[in-house]
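# Per-entry structural report
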Amino acid sequence: MTQSTLTLPIPDDWHLHLRDGDLLNDTVPATAAVFERAVIMPNLVPPVVDVELARAYRERIMAALPEGMTFQPLMALYLTQQTSVEMVQQAAAADFVIGFKLYPSGATTNSASGVTDIEALDPIFAEMARLQVPLLVHGEVTHAEVDIFDREKVFIDTKLRPLLNRHPDLKLVLEHITTKDAVEFVLSQGANVGATITPQHLLMNRNDMLVGGIRPHNYCLPVLKRREHQNALRAAATSGNPKFFLGTDSAPHAQSAKESACGCAGCYSAPAALPLYAEVFEQENALDKLADFASGFGADFYGYPRSDKNLTLIKEPWQVADTVMTAVGSMVPYYAGQTLAWRVK
Ligand SMILES: NC(=O)N[C@@H](CC(=O)O)C(=O)O
Ligand SMILES: [Zn+2]
Ligand SMILES: [Zn+2]
């Protein structure tokens, strides 16, 4: 008999963009409807660089949480060339701050304030390692001469491996991994190194972005790679290895900003997040591995208790909306118009 329900502890999203302002009234309920906690990315303009800005941003998020819903935003601080040892100590002391996010300057949306000289921040990384404050990493180099499809691998080889050699105890998450190389790198490291994997990098490869016409709603960073990389990610996510856990990287942009001659990077996956992952795990005959990936390994890595409440998925096909109306206009959610097998009860 085929399985028709799946019960798991309430999941967490370890990589999420909620944005700010009125859009919080859309993004916060969309995630809080399914997830218990989420790591909130700090790439606002201006960026969330310290504990006080994170406290204020967290309050704006909580103000957008509908009555009766529970949700715990875990705030990531934006690492800059100006981040100080004292700021690391303040982050370690703030229970609502989860760690620092490293954006190489110019790598992605709102990364202009990001890091230009990683090695110069060694005293900061040393303090983070000492206090076990996690470093979350957008792992791509930005040099014009490096092909966009190679940027993750080159970052790993020239920046990340040396960084972890210099700071072997640093607790580090390589975010939204997209290549076989990243999977192998994470596997080669100790238990202090983990990775998040998005639904789009599991469900798609670069053909899904470029064959038959350019599909801006499948465009995100790091950019989708070849099928062999997609397959390596699918194997990692469904392997039961605790280094790999759920992080949607849901990254809303207005429809007009995506459907443009210079479209923004990011997939708004929050409206269908858990069913998108369930689709992959079922295809891989690994539904029994979804609970740990979605609701266990991330909490274990970061040192939070797993949820003691449950959520049930039922096998009942449904179609993702073509568009959703938000405070900044219409948006095309990731997987718009396509059918998913599982729905959240
Ligand atoms: N992933 C994306 O393509 N976009 C993210 C930024 C990021 O996570 O790199 C965004 O903020 O829009
Ligand atoms: Zn990123
Ligand atoms: Zn992101």
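Residues numbered from 1 in each chain as written. Chains lettered and ligands numbered in written order. Predicted model: local features only at pLDDT ≥ 70, side-chain atom pairs only at ≥ 80, totals over all residues. Heavy atoms only, no water.

## Describing the UniProt feature "domain: Amidohydrolase-related" (unreviewed entry) in the protein chain
What UniProt calls "domain: Amidohydrolase-related" (unreviewed entry) maps, in this numbering, to residues 13–304. For residues 13–304, the end-to-end C-alpha separation is 13 Å, with 39% helix and 12% strand making up the annotated structure. (UniProt positions renumbered as here; feature names shortened; annotations may be inferred. Helix = DSSP H or I, 4+ residues; strand = E, 2+ residues; numbered from the N terminus.)

## Regarding the side chain of Glu-140
If you trace the backbone, Glu-140 turns up in the loop between strand 6 (135–137) and helix 5 (151–166). Buried charge Glu-140 goes without a salt bridge, the closest partner of opposite sign being Lys-225 at 4.8 Å. Side-chain polar atoms of Glu-140 contact the side chain of His-138, separated by 2.8 Å. Ignoring sequence-local partners within four residues, the contact set of Glu-140 consists of Pro-104, Ala-107, Ile-148, Arg-151, Glu-152, Phe-155, Leu-221 and Pro-222. (Buried < 20%, exposed > 50% of the residue type's maximum accessible area, 1.4 Å probe, protein only. Lys, Arg positive; Asp, Glu negative; His and termini not counted. Salt bridge = Lys/Arg side-chain N within 4 Å of Asp/Glu carboxyl O. Polar contact = N/O pair within 3.5 Å; in protein donor to acceptor, adjacent residues only side chain to side chain. Contact = heavy atoms within 4.5 Å.)

## What to know about the packing of aromatic side chains
Centre distance and the angle of the planes are the two values used to describe a pair of aromatic rings. Tallied over the entire structure, the rule returns nine aromatic pairs. Between Trp-14 and Tyr-304, the aromatic rings sit 6.1 Å apart at their centres with planes inclined by 35 degrees, giving tilted as the arrangement. Placement of the pair is Trp-14 in strand 2 (residues 12–16) and Tyr-304 in the loop between helix 13 (297–302) and strand 10 (310–319), with a sequence separation of 290 residues. On the basis of an interplanar angle of 55 degrees and a centroid distance of 5.5 Å, the ring pair of Tyr-277 and Phe-293 is categorised as tilted. (Phe/Tyr/Trp six-rings, centres within 6.5 Å; stacked < 30°, edge-to-face > 60°.)

## With respect to the coordination of the zinc ion (ligand 2)
Around the zinc ion (ligand 2), the protein contributes the donor atoms His-138 (ND1) and His-176 (NE2), which lie 2.0 to 2.1 Å from the metal centre. Its four donor atoms give the zinc ion (ligand 2) angles of 53 to 148 degrees at the centre, a pattern that matches the irregular case. Separating the zinc ion (ligand 2) and the zinc ion (ligand 3) is a distance of 3.9 Å. Of the two residues, His-138 sits in the loop between strand 6 and helix 5 while His-176 sits in the loop between strand 7 (172–174) and helix 6 (180–188), which places them 38 residues apart along the sequence. Taken as a pair, His-138 and His-176 share a single burial class, namely buried. (Donors = N, O, S within 2.8 Å, 3.2 Å for Na, K, Ca; no water. Tetrahedral: all angles 85-135°; square planar, octahedral: opposite > 155°, others 65-115°.)

## A few points about the UniProt feature "modified residue: N6-carboxylysine" (unreviewed entry) in the protein chain
UniProt feature "modified residue: N6-carboxylysine" (unreviewed entry): in the numbering of this structure it lies at Lys-101. Along the chain, the position of Lys-101 falls in strand 5 (residues 97–102). Overall, the relative accessible area of 0% leaves Lys-101 in the buried class. Here Lys-101 is in contact with His-15, Met-41, Pro-42, Ala-76, Leu-77, Tyr-78, Leu-79, Leu-136, Val-137, His-138 and Glu-175, once residues within four sequence places are set aside.

## Re the sheet that holds strand 4 (residues 72–78)
In a beta sheet, neighbouring strands pair by backbone hydrogen bonds and run either parallel or antiparallel. Sheet architecture is open: eight strands sit in the order 2-3-4-5-6-7-8-9, paired in parallel fashion. Looking at the sheet topology across the chains shown, the edges are occupied by strand 2 and strand 9 (244–246). When strand polarity is set aside, the average angle formed by the axes of neighbouring strands in this sheet is 30 degrees. With three bridges connecting them, strand 8 (residues 193–197) and strand 9 associate as parallel partners. Among the inter-strand pairings, Ile-197 is bridged to a residue of strand 9, identified as Leu-246. In this fold helix 5 packs onto strand 6, strand 7 and strand 8, with an angle of close to 170 degrees to the strand it touches most, strand 7. (Pairing = 2+ DSSP bridges. Axes fitted to C-alpha atoms, helices over the stretch in contact; angles between N-to-C directions.)

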